[in-house]
Amino acid sequence: NAGVMQNPRHLVRRRGQEARLRCSPMKGHSHVYWYRQLPEEGLKFMVYLQKENIIDESGMPKERFSAEFPKEGPSILRIQQVVRGDSAAYFCASSPQPGDNSPLHFGNGTRLTVT
Amino acid sequence: LAKTTQPISMDSYEGQEVNITCSHNNIATNDYITWYQQFPSQGPRFIIQGYKTKVTNEVASLFIPADRKSSTLSLPRVSLSDTAVYYCLVGGFNDYKLSFGAGTTVTVRA
C-alpha cells in the first residue's frame, strides 16, 4: 500500500529556471496539500487541492507559484523563475477528505536547491 | 490558530521514558491537540491526537489536563530510532492549515 509519493527527491535549479514538483497521493485519497519547510523552520501550509480544483491557496505566494491536481496524474507544484529564497523542502500530504477520521499522510518531500 | 510552546531540545538514553510538554494557553473549545514526528529527510508522521484526558496508542501516550492549556507527549522506553523532531499542533480536527513550529528535537543516546 504505497504512501504519498513525491518526485524528484532532490531538484537543483539555477536562478530564473522553472521547478516542477510532483505528488501522487495515497490510493483512495482525493485531497492534496502542499507545504514548504524553509531551513531551520517548521512546515507552512501553501495550498489545498481536490481533483481539478484549488480549494485554498491562501498560503501560496501570489507570484511565480502555481499548483494543479488534474483529473489524471499527480498534483504539480510549479515555481517559475526560481530565486535563492525558494530553496526549501516542499512536502505534499493527502487525505481522503477533510474532517475524515484519518490524519494527514505526508510524502518525504522534494528538496529544492536554487543556485 | 492557537500558539504552542515546546522545548527546543531534549536528550535521553535508550530505555528511558521521554515526556515532552507543550503549552497552548489560548486553545479554543473545538481545538484538538496533535503530535507529529519527523525524521531527517522525511515528511512528518502522525503520532497521536487527543482532545482531553488521556489517549494511548501503540506508539505513545498523550496526557491532557482538565484546563487543556498544556499537553504532554509520553514516549515509553525510547530507542535510538526515536531520535527525531516532535511537533505539537493545536487546531481543528484535521485542520490542514496547521503550521508546524520549530518542534522539539529529541536525541536518544546509547
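Refer to the preceding data block for the structure.
Position labels on residues start from 1 in each chain and follow its written sequence. The naming scheme follows written order: chains are lettered A onward, ligands numbered 1 onward. In keeping with the model being predicted, local features are shown solely for residues with a pLDDT of at least 70 and side-chain atom pairs are shown and tallied solely at 80 or more, while totals for entire chains, interfaces and linings include all residues. Side-chain calculation: all heavy atoms of the structure are included, whereas hydrogens and water are not.

(A) Examining the layout of surface pockets more closely. Both site types are read off a 1 Å grid over the protein atoms alone. A 1.4 Å probe that fits but cannot get out defines a cavity, while an open set with protein on both sides within 12 Å along at least five of seven lines defines a pocket; lining residues have an atom within 4 Å of a point. Grid points are joined across faces, edges and corners, and a volume is the space filled by probe spheres set on the points. The computed volume of the largest pocket comes to approximately 410 Å³. Along its surface, the largest pocket is lined by 18 residues, and Gln37 and Glu41 of chain A together with Gln38, Val85 and Tyr87 of chain B are the ones closest to its centre. Broken down by element, the lining of the largest pocket gets its largest block of residues, three residues, from strand E8 (residues 84-91) of chain B. Taken together, the residues of the lining of the largest pocket sort by class into nine nonpolar, six polar and three charged. Helical segments are the DSSP runs of H or I of at least four residues, strand segments are the runs of E of at least two, and each set is numbered from the N terminus. Classification convention: Asp, Glu, Lys, Arg as charged; Ala, Val, Leu, Ile, Met, Phe, Trp, Tyr, Cys, Pro as nonpolar; all other residues, Gly among them, as polar.

(B) Structural context of the interface of chain B and chain A. Contact definition: two residues touch when any of their heavy atoms are within 4.5 Å. At the junction of the two partners, chain B supplies 16 residues and chain A supplies 22 residues. Each of two parts loses accessible area, computed with a 1.4 Å probe, when they are put together; buried area is these two losses added. A buried area of about 1,600 Å², summed over both sides, lies between chain B and chain A, and 54% of it is on carbon and sulfur atoms. What counts as a salt bridge is simple: a side-chain nitrogen of Lys or Arg found within 4 Å of a carboxyl oxygen of Asp or Glu. Summed over the shared surface of chain B and chain A, the result is one salt bridge. In protein, a polar contact requires one atom able to donate a hydrogen and another able to accept it; more generally it is a pair of N or O atoms within 3.5 Å, and residues adjacent in sequence count only if both atoms are side-chain atoms. Counting the contacts that link chain B with chain A gives ten residue pairs in polar contact (both at pLDDT 80 or more). When its residues are assigned to classes, the side of chain B that touches chain A shows eight nonpolar, seven polar and one charged.

(C) Examining the packing of aromatic side chains more closely. Side-chain rings of Phe, Tyr and Trp (the six-membered ring for Trp) are treated as a pair once their centres are within 6.5 Å; stacked means planes under 30 degrees apart, edge-to-face means over 60, and tilted covers the remaining angles. For the coordinates displayed, the defined rule picks out twelve aromatic pairs over all chains. On the numbers, 4.8 Å between centres and 15 degrees between planes, the contact of tyrosine 33 of chain A with tyrosine 48 of chain A is stacked. With tyrosine 33 of chain A in strand E4 (residues 31-37) and tyrosine 48 of chain A in strand E5 (residues 43-50), this residue pair connects regions lying 15 residues apart in the sequence. Overall, the relative accessible area of 4% leaves tyrosine 48 of chain A in the buried class. Among the aromatic residues, those joined into a cluster by ring pairs are Tyr33, Tyr35, Phe45, Tyr48 and Phe106 of chain A together with Tyr36, Phe46, Tyr87, Tyr96 and Phe100 of chain B. A ring is scored as having a charge over it whenever the NZ atom of a lysine or the CZ atom of an arginine sits within 6 Å of its centre and within 35 degrees of its normal. A cation over an aromatic ring shows up here: arginine 68 of chain B above the ring of tyrosine 51 of chain B, its NZ or CZ 3.9 Å from the ring centre. Relative accessible area decides the class of each residue, using a 1.4 Å probe on protein chains only: under 20% of the type maximum gives buried, over 50% gives exposed, and in between gives partly exposed.

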